[in-house]
Amino acid sequence: MIEAALQFQPTEARTFLQEVAARSGQNLAACYQCRRCAAGCAVGDETGFVTPNRLIRMVMLGDRDQALSNELVWRCVSCYTCGERCPNDIQTARITETLKKMAKEEHVPALQPKVAHFHDAFLESGVRWGRVNEMEFMGAYEMKNAFLEARRFRFGAIMSEIRQQMRLGLAMLRLKRMHMGFLKSGGRAEIQALRRKSQAARAAR
Ligand code: SF4
Ligand code: SF4
């Protein structure tokens with residue numbers, strides 16, 4: 001595997017760094033590349049050369065293309081191990097989440113479409129009900145995946161996924177870990193108002 005060289009984009013670097021820092025709430029400029037985060041990343045075997053410290057370096061150099069489209073952004077499982085190990089308390093999970101949102105806003109294709117579907121279905125269910133209803137959320141997630149596979153004419157993959165999810169769903173029902181109904185949270189109006197506010201702020205940028 002050949003590592004892609006990072007591109008320093010002087011005109012982009014400052015604004016991109018400021019935007020990611022503001023949206024993630026993380027002080028990326030404090031990173032001194034000690035790589036303690038990289039040594040403990042839970043998905044390090046699956047992300048090629050992109051480690052948490054390297055992702056931060058991409059942002060600091062203004063390499064927007066690579067920062068918005070790499071395996072770590074799509075495979076990070078938000079375990080927060082990197083943040084626990086970081087001497088400067090930088091939570092890379094917040095940075096990957098921010099870059100995922102920015103990639104979506106800029107219509108950058110997701111390297112892991114199923115992760116993008118999971119993300120979308122979770123968010124939509126949470127905003128609609130103020131909490132996630134497992135049946136609705138998993139149904140929406142599986143529908144999105146099924147459309148993706150149908151476009152690729154992979155109908156066997158759709159059936160296999162349905163069988164697997166049904167087995168999982170039944171096991172969860174037996175263990176009382178899944179609700180069949182739709183539960184609402186009392187604070188959902190506030191969540192919806194927050195979303196409208198963030199969409200308005202984004203539109204004004
Ligand atoms: S542990 Fe923290 S300071 Fe060290 S490289 Fe990772 S993010 Fe940077
Ligand atoms: S939060 Fe993400 S980047 Fe950090 S260690 Fe876990 S998987 Fe790796």
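The structure we're discussing is the one just above.
Residues numbered from 1 in each chain as written. Chains lettered and ligands numbered in written order. Predicted model: local features only at pLDDT ≥ 70, side-chain atom pairs only at ≥ 80, totals over all residues. Heavy atoms only, no water.

Visitor: Lay out the nonpolar core with the relevant residues and their values.
Guide: The biggest cluster of nonpolar side chains holds 26 residues, and the ones touching the most others in it are Phe 16, Val 20, Leu 55, Val 59, Ile 95 and Leu 99. Elements with a minimum of two residues in this core: helix H1 (10-24), helix H3 (52-61), helix H4 (64-68), helix H5 (71-75) and helix H7 (92-105). With five residues, H7 is the largest single contributor of residues to this core. Not counting residues up to four positions away in its chain, the partners in contact with Leu 55 are Val 50, Ala 67, Asn 70, Leu 72, Val 73, Thr 92, Ile 95, Thr 96 and Leu 99. (Core = buried A, V, L, I, M, F, W, Y, C linked by side-chain atoms within 4.5 Å. Buried < 20%, exposed > 50% of the residue type's maximum accessible area, 1.4 Å probe, protein only. Helix = DSSP H or I, 4+ residues; strand = E, 2+ residues; numbered from the N terminus. Contact = heavy atoms within 4.5 Å.)

Visitor: Could you give an account of the site of ligand 2, with specific residues and numbers?
Guide: The local shell around ligand 2 holds 13 residues, among which Cys 41, Cys 76, Cys 79, Tyr 80 and Cys 82 are the closest. Here the residues of the shell around ligand 2 sort into eleven nonpolar, two polar and no charged. (Near = heavy atom within 4 Å. Nonpolar A, V, L, I, M, F, W, Y, C, P; charged D, E, K, R; others polar.)

Visitor: Can you lay out the site of ligand 1 for me, pointing to particular residues and giving the numbers?
Guide: Around ligand 1, a shell composed of 13 residues is seen, among which Cys 31, Cys 34, Arg 35, Cys 37 and Cys 86 lie nearest. Because more than half of its atoms lie within 2 Å of the grid, ligand 1 is assigned to the largest cavity. Of all the elements in the fold, those that place two or more residues in the shell around ligand 1 are helix H2 (36-40) and H3. Tallied by class, residues from the shell around ligand 1 come to eight nonpolar, three polar and two charged. (1 Å grid on protein atoms, 1.4 Å probe; cavity = no way out; pocket = protein on both sides within 12 Å on 5 of 7 lines; lining within 4 Å. Sits in = over half its atoms within 2 Å of the grid points.)

Visitor: I'd like a rundown of empty space enclosed by the protein, residues and numbers included.
Guide: For the coordinates displayed, the defined rule picks out two cavities of 30 Å³ or more. The calculated volume of the largest cavity comes to roughly 100 Å³. Surrounding the largest cavity, 14 residues form its lining, Cys 31, Cys 34, Cys 37, Cys 86 and Ile 90 being those nearest its centre. Across the lining of the largest cavity, the residue classes tally to nine nonpolar, three polar and two charged. (Points joined across faces, edges and corners; volume = space filled by probe spheres on them.)

Visitor: Give a detailed account of unusual backbone geometry, specifying residues and quantitative values.
Guide: Here Gln 33, not a glycine, exhibits a phi torsion of approximately 55°, which is positive. Positionally, Gln 33 belongs in the loop between H1 and H2. A positive phi angle, near 60°, is found at Lys 176, a position not held by glycine. Along the chain, the position of Lys 176 falls in the loop between helix H10 (155-174) and helix H11 (188-204).

Visitor: Outline the packing of helix H8 (residues 113-129) against helix H9 (residues 134-151), listing residues and values.
Guide: Packed helices, taken two at a time, are described by the angle between their axes plus the distance between the axes. Put simply, H8 and H9 touch, their axes get as near as 9 Å, and they point 145° apart. Regarding H8 and H9, the two cross each other, and that crossing is right-handed. Contacts from Pro 113, Lys 114, His 117, Phe 118, Asp 120, Ala 121, Phe 122, Glu 124, Ser 125, Arg 128 and Trp 129 in H8 reach Glu 136, Phe 137, Ala 140, Tyr 141, Lys 144, Asn 145, Leu 148 and Glu 149 in H9. Grouping the constituent residues of the contact of H8 with H9 by class yields nine nonpolar, three polar and seven charged. (Axes fitted to C-alpha atoms, helices over the stretch in contact; angles between N-to-C directions. Left-handed = near helix turned anticlockwise from the far one by under 90°.)

Visitor: Break down a nonpolar patch on the surface for me, with residues and values.
Guide: Nonpolar side chains collect at one region of the surface, where Met 135, Leu 170, Leu 173 and Met 180 lie side by side and expose about 360 Å² of accessible area between them. Along the chain, the position of Leu 170 falls in helix H10. (Patch = residues over 30% accessible without salt bridge, like charges linked within 9 Å, V, L, I, M, F, W, Y side chains within 5 Å. Areas by Shrake-Rupley, 256 points an atom, 1.4 Å probe, with all protein chains shown as cover. Salt bridge = Lys/Arg side-chain N within 4 Å of Asp/Glu carboxyl O.)

Visitor: Describe the packing of H1 against H3, naming the residues involved and giving the relevant values.
Guide: At a minimum axis separation of 6 Å, H1 and H3 run at an interaxial angle of 130°. Comparing the axis directions of H1 and H3 gives the class oblique. Across the interface between the two elements, Ala 13, Phe 16, Leu 17 and Val 20 from H1 touch Val 59, Met 60 and Leu 61 from H3. Of the residues contributing to the contact of H1 with H3, the split by class is seven nonpolar, no polar and no charged. (Parallel < 35°, antiparallel > 145°, perpendicular 65-115°, else oblique.)

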